[in-house]
Amino acid sequence: MKLVRSVAGVREALMAPREEAMRIGLVPTMGAFHEGHLTLFRTCAGECDVAVASLFVNPAQFGPGEDLERYPRDLEGDMHLAEEAGIDLLFAPSAEEIYPPGFESAVEVGELGKVLEGESRPGHFRGVATVCLKLFNIVQPSVAYFGRKDAQQAAVIRIMLRDLNLPLELRVVPIVRDADGLALSSRNAYLQPDERERALALPRALQAGLEACRAGGGSNSALAAAHRILDAAEGIEVDYLEVADLDGPTLAGAIRVGSTRLIDNVLLDEEAK
Ligand code: PAF
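Quantities reported herein were computed from a predicted structural model and do not represent experimental measurements.

What should I look at first to understand the site of the ligand in this one?
Close to the ligand lie P28, T29, M30, N58, Q61, V131, C132, F146 and Q153, which account for all nearby residues. At 2.6 Å from an oxygen atom of the ligand is found a side-chain nitrogen or oxygen belonging to Q61. The contact in question runs from an oxygen atom of the ligand to an N or O atom on the side chain of Q153, over 2.6 Å. Considered on its own, the ligand offers 290 Å² of accessible surface; in the complex 89% of this is hidden by protein. Put simply, the parts of the chain that give the shell around the ligand at least two residues each are β2 (24–29) and α6 (124–139). Looking at the shell around the ligand residue by residue, the class counts come to five nonpolar, four polar and no charged.

So this is what it looks like as structure tokens:
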């Protein structure tokens, strides 16, 4: 696996594969790799001739008081994991490489960027869409891979690809969960054992919602069932719990456990995928 730090380095490394019309896949990430990322990498490597991952903790998508400074960083460990999972090229730029002095453009995200995560984290999706557009332009992949855990992010990217006529395919890969049901996230590393136990209320609530929906109650009963569990849970703060159309009817929630904010979701209609 090749580690590349500059935009010029990526362009040079991908020149030959592009000339040979090879299929290039991109997995954008912020590092601190876990099995969720590795699933994306393996899928990308299995479907593409050249598997590229980007590793960039993007300051533009963090709001004031969020966890930009403490976000887990481990380039050495991540390099080994990415290589083992089939990544050919890891692009790990500095903040100056992505946002050089004088940088002043951004992608404006519409209504979907203002609800759920967008309401709690104003400007978040503007930062996500802008960095993703830059990464798409730098790597010029045929296909980009995103995790369904960030369902709203994937939906925002899908709309951007459509609206800006970007010539690449979007692949959204299912959520990977730990044995206890918690969706894998780099932020799980912040949780103390007792906080992790409390955090399980979120996947349990979503699962109860899914079962209520499958039992024929539709999205209203899904929401009610999930609320019953989350509202009764102790030691967590519910940021939001809603059903929204995120590439299909989705029950999505965000909670705070101590100083950690976690998100998760379930698709209520598997057919909608
Ligand atoms: O999902 C993430 O890790 C980030 O939001 C992304 C897509 C890499 C953009 O910074």
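After presenting the structure, the write-up continues.
Can you help me understand the packing of aromatic side chains in this one?
The relative placement of two aromatic rings is captured by the distance of their centres and the angle of their planes. Using the criterion set out here, one finds five aromatic pairs in the structure. Between F62 and Y71 the ring centres are 5.9 Å apart and the planes differ by 80 degrees, which places this aromatic pair in the edge-to-face class. Neither residue differs from the other here; F62 and Y71 are each classed as buried. Taking NZ or CZ as reference, R70 lies 3.7 Å from the ring centre of Y190, over its face.

So what exactly am I meant to see when it comes to the environment of Q207 here?
With respect to the helices, strands and loops of the structure, Q207 is situated in helix α9 (residues 201–232). We classify Q207 as partly exposed; its relative accessible area is 35%. For the pair Q207 and A226, spaced 19 residues apart in the sequence, the C-alpha separation amounts to 7.7 Å.

Even after reading the chapter, I still don't get helix α2 (residues 35–47), so can you show me in this structure?
Structurally, the α-helix is built with 3.6 residues per turn, so residues lying three or four positions apart point the same way. In a regular helix each residue adds 1.5 Å, so 13 residues correspond to 18 Å; α2 covers 18 Å between its end C-alpha atoms and thus fits that length. Where α2 is concerned, the buried positions are G36, H37, L38, L40, F41, T43 and C44. Tucked into the core, α2 has its buried residues touching β2, β3 (50–55), α3 (75–84), β5 (143–147) and β6 (169–173).

I keep staring at the pattern of salt bridges and nothing clicks. Help me out?
Once the charged atoms of two side chains with opposite charge are near each other, the side chains can pair. Tallied over the full model, the rule gives 19 salt bridges. Between E108 and R126 there is a salt bridge, and its shortest N-O distance comes to 3.2 Å. Taken together, the positions of E108 in the loop between α4 (95–98) and α5 (117–120) and R126 in helix α6 put the pair 18 residues apart, joining distant regions of the chain. Overall, R126 belongs to the partly exposed group, its relative accessible area being 39%.

Looking at this model, I keep getting lost on the pairing of β6. Mind explaining?
Regular strands place their side chains on alternate faces of the sheet. Pairing geometry for β5 and β6, over five bridges, is parallel. Bridge pairing in β6 places Y145 opposite R171. Note on the crossover from β5 through helix α7 (residues 151–163) to β6: the handedness is right-handed.

What's the story with α9 in this structure? I'm lost.
With 32 residues, α9 should cover 46 Å at 1.5 Å per step; its first-to-last C-alpha distance of 9 Å lies more than 12% under that length. Along α9, the helix axis deviates most sharply at G216, where the bend reaches about 145 degrees.

Would you take a moment to explain the sheet that holds β6 for this structure?
Each strand in a sheet pairs with its neighbour through backbone hydrogen bonds, running either in the same direction (parallel) or in the opposite one (antiparallel). Taken in spatial order, the six strands of this open sheet run β1-β4-β3-β2-β5-β6, and their pairing is parallel. Of all the strands in the sheet, the pair left with one neighbour each is β1 (2–4) and β6. On average, each strand axis in the sheet is inclined to that of its neighbour by 25 degrees, with strand direction left out of account. In this sheet, β3 lies alongside β2 in parallel orientation, the contact comprising six bridges. Bridge pairing in β3 places I24 opposite V50. The sheet strands contacting α7 are β5 and β6, and the helix crosses β6 at an angle near 170 degrees.

For this particular structure, what's the right way to read the nonpolar core?
Judged by nonpolar contacts, the single largest core of 44 residues is most densely connected at F136, I157 and M160. Ranked by the residues each element gives to this core, the list is headed by α6, at 10 residues. Discounting residues that sit within four places of it in the chain, M160 has contacts with V107, A129, C132, L133, F136, N165 and L166.

What should I look at first to understand the packing of α6 against α7 in this one?
The packing of two helices is summarised by the inter-axis angle and the distance between the axes. For the pair α6 and α7, interaxial distance at closest approach is 10 Å and the crossing angle is 55 degrees. As judged from the angle between their axes, α6 and α7 are oblique. Of the two elements, α6 crosses α7, and the hand of that crossing is right-handed. Residue-level inspection shows F125, V128, A129, C132, L133 and F136 of α6 in contact with α7, the latter providing Q152, Q153, V156, I157, M160 and L161. Taken together, the residues of the contact of α6 with α7 break down into 10 nonpolar, two polar and no charged.

Parameters at a glance
Residues numbered from 1 in each chain as written. Predicted model: local features only at pLDDT ≥ 70, side-chain atom pairs only at ≥ 80, totals over all residues. Heavy atoms only, no water. Near = heavy atom within 4 Å. Polar contact = N/O pair within 3.5 Å; in protein donor to acceptor, adjacent residues only side chain to side chain. Areas by Shrake-Rupley, 256 points an atom, 1.4 Å probe, with all protein chains shown as cover. Helix = DSSP H or I, 4+ residues; strand = E, 2+ residues; numbered from the N terminus. Nonpolar A, V, L, I, M, F, W, Y, C, P; charged D, E, K, R; others polar. Phe/Tyr/Trp six-rings, centres within 6.5 Å; stacked < 30°, edge-to-face > 60°. Buried < 20%, exposed > 50% of the residue type's maximum accessible area, 1.4 Å probe, protein only. Lys NZ or Arg CZ within 6 Å of the ring centre and 35° of its normal. Expected span 1.5 Å × (residues − 1). Contact = heavy atoms within 4.5 Å. Salt bridge = Lys/Arg side-chain N within 4 Å of Asp/Glu carboxyl O. Pairing = 2+ DSSP bridges. Right-handed = clockwise from strand over helix to strand, strands pointing away. Bend = angle between axes of the 7 residues up to and from the residue. Axes fitted to C-alpha atoms, helices over the stretch in contact; angles between N-to-C directions. Core = buried A, V, L, I, M, F, W, Y, C linked by side-chain atoms within 4.5 Å. Parallel < 35°, antiparallel > 145°, perpendicular 65-115°, else oblique. Left-handed = near helix turned anticlockwise from the far one by under 90°.

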